[in-house]
Amino acid sequence: MDLKQNELNKFDSVKGDFRKKSFSIVILGVLLLLGVLSGCNENKGDVKEVDISSYIDVKEVVLDNGLTVVVVPDPSASLVSVKTFVRAGSIDEQPFLGHGLSHYLEHVVAGGSTSVRTEDQYKEKISLLGGAFNAYTTTDHTSYYINTVPEFTLDAVDILNEWMFDCDFNQKEFDREHKVIIKEIEKNAASIQRKFYYQCQSNFFKYSPVKYPVIGYLDNFKNTSKQALMDYYKQRYIPSNMILAVGGNVDADEVIEYAKNTFGKRSMVASPVYLYEKEPESFSKRISVNEGKTNVTYLSIRFSTVDLFSDDLYPLDLLDFILGNGENSILYQLFVEETQLAFSVSTASSTPTYSNGYFEFYFETKAENVDKIVSQLETVIEDIKNGNLNAKQIEKAKKQKLAEDIFSITSIDEKVSRVGQGVLYGNSIHFFEDYINNFSSIKPKDVVSAAKTYLNFDRVVITVLKPEVSQNEEKKKIVNEKKNIEQNKPVLKTLENGVKLIMYHDSSLPKVYAKLMMLGGLRSEDEETNGVSNFVARLLGNGAVGYEKRQLKELVEGKGAEMEGASGRNTIYYNLDCLSDDFNELFPLFLHTFFNPEFNEQDFSLEKSKVLQWISQREDDWYRVSRYEFNKRFFKGHPYSLSTLGEVESVESMTVKGLRKHFDESLNLENLVITIFGDFDEDVAVRGAELAIKKIESRMLETKTSEHVKDFSKTIDRPLNIKSNKVDIKIPQDVASIFIGFDSFSFSESKDKVKVDLMNSVLSGMSYPGGRLHNELREHGLVYVVQASNLAGMEPGAFVIVALSSKDKIETVESMIFAQVDSLKTEIISDKEFELAVAQLRFYYKDQISTLDSFSMKVATDELYGRGFDYYQELESELLTLTKEDVQAMADKYFVNPQTFIFSGEGEESN
């Protein structure tokens, strides 16, 4: 039931940021918490049926005018999320299909003027609420949200009520958003992944309106009239076509009563009814092959299946997990590890409400491997059809689905989205109770039957996007390559051997996040060893003393857990995400695989081919290639100038022996932090950590590796930029972007952090749409993306301003950015700007620690960088000391010697 893959696909939902997850709901997590899974019998495959209505405290009311209100009380949540869901998506735009009416309307409505308030008044009001609002549009609905603190819940309800019904279609705003969306369409055209997604959709859907892009076609969109938009708003934005969802530390009865007095006062209007064209199964095999500016071949293999309400939904969902979930899955083992025909593989079972869906196999590969993949996949499917499945595989898939769902529940925002979407698609909060219980009866024979019924290679739909021939020739050398944290705080325990263990207990859901982090990353590399940290991190967990890769993957993935490493500019870290019931077993394994890794030639060779392929894809995305070129020049002479992936030359020269040497040199226990956040046994955690550290200390003494350990806490000289500079650089995409960098501070100079963040909030909204640059440049329709960020480091980092525009407007964009920068240096900001910036910054700091995963990352890095694990507590108090003059002082101090880089198809070749 992978509705997110279809309805909220990252390539066809606008403004939304959704990962590919099976569409289920917070109920799944609660069921596991209550021990529903303990009713599983591995031999029989039985799962108890339960009545969850007594466990889930969700209130639902349908108002007299047809509007549905759902409230999700969560006393542990530090934030409140208020959302509306309108049944208005791209499939509903008759007679203007392909014009992007729903998306255009979202742009005009979200934050726009109404008959009650002006756009500027909404900006001020929302900034005081914290500044976190946005909207997205999909094929079948549009959603708006405001996230704020509990005391402003009713204010957020007020604002959404006015947006939903009182939009006044201000001409200036209508025209401005028209320009913005044109830029957005142009940006989309520069994304090779989005291009491939659209190709897949148009190849599979020949009759259903889902074949049209949510954003619309450029020529159609340009001809969209204001009257058409107003008529669509009047038709679709009515109470009976809408859901209001509110969640957080709120009084449900109070929220419902307030909704009655706001949303409930709107007139009852009959909701529109459309009969959507069902997509018939392909008459025969259908193949679409295109070429594009890419260094990898994208392959999609789809089979027509069912809609959301079919009983076959359940075996198809399980088959999705059996075949393609995790590195121990059937397809990953075959295509990535054994035959190495693909760089990546995934599966998805998409089952929308309005049409039959599809089962998809997705590969990133080489063009010459496409036919081999299709042939071998057919063999795998035939094996499934012949009954080669057992109850253990089915039960494993069920647990993986439940575990994945629990780990996608990270915030109140996510909980409210899931409840709202549940009502949107199932028309009842009990919809997901049935969904879960229906899995209890699924047996291997049901999955086999579904494979026989739907995975028919005589009617398969295959879509291929491969490199252009000329580009392939040019690149052929590298183508082969939430608890309330204010009431419960983390605790630091220094172990006997000096290692720091930070623990935070939260029993709201049965999950645990553990992290091992040590100094290293890019700062431990030079040009010859560039990429080695990434290599080491990615191979952690693939092998260890006493364990082979397949054995580890079965132990970890079989429990729905994840254990993987990553590296950055300053660190290497290793993560364990698991269910609470499995922590006592997996935590010792987690520590063992980190301190006693084994790197073998087979895994090394496979990883090398992947990394080389990713390096070759660096130029496929405007941001990746621009950021790469920016870092290389801005941080010249320092490891921060290097790429995390490395370069072709450095990766080609790497050896297993070299990886081991680098790991041993990096394993400095004085520069290591362990964090454990979630629902776990603290005694088990402490004992496990102490035992593992004692063992590794003993081994290091025996092998004398401790003599070669390096101290990456020492400062590395980073020359600052002593004069202004401007460079034009050519990129493959037909867009233009600008990166403006200023030298910033280091972690040891963090006294300026909050002040610089305040300046950033004034200038660009502090990670949320807003601030002077957003308002000024979007107002004139000059950019689609504009954002500033301050990236500190062990050595002085960079304050970077990034904007995406077009070639004919980039000079104007540059001029306007510098005008705002100079204004901050010469003028004191207004009281109003200061008030809004502080409110937005306060929300930003709370948002940083609103999920266990992000919270654990923050305290680990702050402790490792010398700020202290509880540094997050200082930020709120420092906010109270800020003044308007601080912004000017920071601008004077840091906005000097700008390094400006213009990236476009007309710049000079990079070198």
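Residues numbered from 1 in each chain as written. Predicted model: local features only at pLDDT ≥ 70, side-chain atom pairs only at ≥ 80, totals over all residues. Heavy atoms only, no water.

Trainee: Outline the overall build of the protein, listing residues and values.
Mentor: Looking only at helices and strands, one finds 34 helices and 22 strands in the protein. Counting the 911 residues in the protein, one finds 63% classified as buried. (Helix = DSSP H or I, 4+ residues; strand = E, 2+ residues; numbered from the N terminus. Buried < 20%, exposed > 50% of the residue type's maximum accessible area, 1.4 Å probe, protein only.)

Trainee: Account for the pattern of salt bridges, naming residues and giving values.
Mentor: Within this structure, the stated rule accounts for 47 salt bridges. The closest approach of N and O atoms between R660 and D664, which form a salt bridge, is 3.1 Å. Separated by four residues within a single helix, R660 and D664 lie in helix α26 (residues 656-666), roughly one turn from each other. Given a relative accessible area of 24%, R660 falls into the partly exposed group. In this structure D664 comes out as buried when scored by relative accessible area, which is 16%. Salt-bridge contacts for K661 lead to E665; the nearest nitrogen and oxygen are separated by 2.7 Å. In this pair, K661 and E665 both sit in helix α26, four residues apart, roughly one turn of the helix. Overlapping salt bridges, with partners in common, bring together E119, R176, E177 and R778 in one network. (Salt bridge = Lys/Arg side-chain N within 4 Å of Asp/Glu carboxyl O.)

Trainee: Give me the lowdown on helix α6 (residues 171-189), citing residues and values where you can.
Mentor: Its 19 residues place the ends of α6 27 Å apart at the C-alpha level, agreeing with the 27 Å of an ideal helix rising 1.5 Å per residue. The N-capping residue of α6, defined by a side-chain oxygen 2.9 Å from the backbone nitrogen of K172, is N170. (Expected span 1.5 Å × (residues − 1). Polar contact = N/O pair within 3.5 Å; in protein donor to acceptor, adjacent residues only side chain to side chain.)

Trainee: Could you give an account of unusual backbone geometry, naming the residues involved and the relevant values?
Mentor: Cis geometry marks the peptide bond from Q94 to P95, where omega comes out at 5°. With respect to the helices and strands, P95 occurs in the loop between β3 (80-86) and α3 (101-109). Positioned with a positive phi, F169 is a non-glycine residue whose angle comes to about 50°. Structurally, F169 can be placed in the loop between α5 (153-165) and α6. When its relative accessible area of 4% is taken as the criterion, F169 is described as buried. Its identity is not glycine, yet Q340 carries a phi of approximately 55°, on the positive side. Among the structural elements, Q340 can be located in the loop between α12 (330-338) and β9 (342-350). Taking relative accessible area as the criterion, Q340 reaches 37% and is therefore assigned partly exposed.

Trainee: A description of the packing of aromatic side chains should follow, citing residues and the corresponding values.
Mentor: Throughout the structure, instances matching the rule amount to 46 aromatic pairs. Three or more aromatic residues joined by ring pairs make a cluster, and in this case those are Y574, F583, F587, F590, F594, F595, F599, F663 and F680. The ring of Y640 carries the charged tip of R569 above its face, separated from the ring centre by 3.8 Å. (Phe/Tyr/Trp six-rings, centres within 6.5 Å; stacked < 30°, edge-to-face > 60°. Lys NZ or Arg CZ within 6 Å of the ring centre and 35° of its normal.)

Trainee: Outline the environment of L160, listing residues and values.
Mentor: Note on placement: L160 falls in helix α5. Residue L160 is classed as buried on the basis of its relative accessible area, which comes to 0%. Taking the C-alpha atoms as reference, L160 lies 7.8 Å from Y145; in sequence the two are 15 residues apart. L160 has contacts with V82, K83, T84, Y144, I146 and F263, leaving out every residue within four places of it along the chain. (Contact = heavy atoms within 4.5 Å.)

Trainee: Give me the lowdown on the sheet that holds strand β7 (residues 286-292), citing residues and values where you can.
Mentor: Across the sheet, which stays open at both edges, the five strands sit in the order β7-β11-β8-β10-β9 with mixed pairing between neighbours. With partners counted over all chains shown, the strands left at the sheet margins are β7 and β9, one partner each. On average, each strand axis in the sheet is inclined to that of its neighbour by 10°, with strand direction left out of account. Where β7 meets strand β11 (residues 461-467), seven bridges bridge the pair, whose relative direction is parallel. For E291, the partnering residue across the bridge sits in β11 and is K466. (Pairing = 2+ DSSP bridges. Axes fitted to C-alpha atoms, helices over the stretch in contact; angles between N-to-C directions.)

Trainee: With reference to specific residues and values, describe the environment of I381.
Mentor: Within the element layout of this structure, I381 appears in helix α13 (residues 370-385). Between the C-alpha atom of I381 and that of F457, which follows or precedes it by 76 residues, the distance is 9.4 Å. Apart from the residues lying within four places of it in its own chain, the contact partners of I381 are L323, F361, L455 and F457.

Trainee: Residue-level account of the side chain of T463, with values.
Mentor: Relative to the assigned elements, T463 resides in strand β11. Its relative accessible area of 1% is what places T463 among the buried residues. Here N203 takes part through its side chain, which lies 2.9 Å from a polar atom of the side chain of T463. In this view, T463 contacts F196, Q199, C200, N203, S288, Y298, L299 and S300; residues no more than four positions away in its chain are not counted.

Trainee: If you had to explain the sheet that holds strand β1 (residues 59-62) to someone new, which residues and values would you point to?
Mentor: With mixed pairing, six strands are arranged side by side in an open sheet as β1-β2-β6-β3-β5-β4. Two strands lie at the open edges of the sheet, namely β1 and β4 (132-137), each paired on one side alone. Pairwise comparison of adjacent strand axes, ignoring direction, gives a mean angle of 15° for this sheet. Taken together, the six bridges between strand β2 (residues 68-73) and strand β6 (residues 242-248) define a ladder with parallel strand orientation. Across the sheet, V71 pairs through a bridge with V246, a residue of β6. Contacts between α5 and the sheet are confined to β3, β4, β5 (142-148) and β6, with β3 contributing the most and set at about 20° to the helix.

Trainee: I'd like a description of the pairing of β11, backed by residues and values.
Mentor: Within β11, six of the seven residues are buried, leaving the element largely enclosed by the surrounding structure. Here strand β8 (residues 297-304) pairs with β11 via five bridges, running antiparallel. Bridging across to β11, Y298 finds its partner in L465.

Trainee: Can you lay out the packing of helix α32 (residues 852-864) against helix α33 (residues 871-879) for me, pointing to particular residues and giving the numbers?
Mentor: In the contact formed by α32 and α33, the axes pass within 9 Å of each other and the chain directions differ by 95°. As summarised for this structure, α32 and α33 are arranged roughly perpendicular, according to the angle between their axes. Here α32 contributes F855, K858, V859 and D862 to the contact with α33, which in turn contributes Y871, Y872 and L875. Of the residues that constitute the contact of α32 with α33, the class distribution is five nonpolar, no polar and two charged. (Parallel < 35°, antiparallel > 145°, perpendicular 65-115°, else oblique. Nonpolar A, V, L, I, M, F, W, Y, C, P; charged D, E, K, R; others polar.)

Trainee: For the environment of L63, give the residues involved together with the corresponding values.
Mentor: The residue L63 is located in the loop between β1 and β2 in this model. Along the primary structure L63 and F263 are separated by 200 residues, whereas in three dimensions their C-alpha atoms are 8.7 Å apart.

Trainee: Account for helix α23 (residues 601-616), with residues named and values stated.
Mentor: Across its 16 residues, α23 extends 22 Å between first and last C-alpha, which sits within 8% of the 22 Å expected from 1.5 Å per residue. Of all 16 residues in α23, 12 are buried; the element is thus mostly enclosed. Taken together, the buried positions of α23 are D603, F604, L606, E607, K608, S609, K610, V611, L612, Q613, I615 and S616.

Trainee: Account for the pairing of strand β10 (residues 358-365), with residues named and values stated.
Mentor: Within a regular strand, side chains alternate between the sheet's two faces. With respect to burial, β10 is a largely interior element, seven of its eight residues being buried. The pairing of β8 with β10 spans eight bridges and is antiparallel. Considered in β10, the bridge of S304 is made with Y358.

Trainee: Talk me through the confidence of the model for the protein; I want residue IDs and the actual numbers.
Mentor: Overall, the prediction assigns the protein a mean pLDDT of 87, with 89% of residues at 70 or greater. Confidence, expressed as mean pLDDT per element, reaches its minimum in the protein at helix α2 (residues 26-33) with 33 and its maximum at α5 with 97. Counted against residues more than four places away or in other chains, residues 3-11, with its pLDDT under 50, gives 43 contacts. Confidence drops under pLDDT 50 across residues 14-55; counting only partners more than four residues distant or on other chains, this segment forms 122 contacts. (pLDDT = per-residue confidence, 0-100.)

Trainee: Before we move on, can you summarise the side chain of N530 with the specific residues and values?
Mentor: Inspection of the secondary structure assignment puts N530 in the loop between β14 (511-519) and α20 (532-539). Apart from residues lying up to four places away in sequence, N530 is in contact with L522, E525, L642, S643, G646, E647, S650 and M654.

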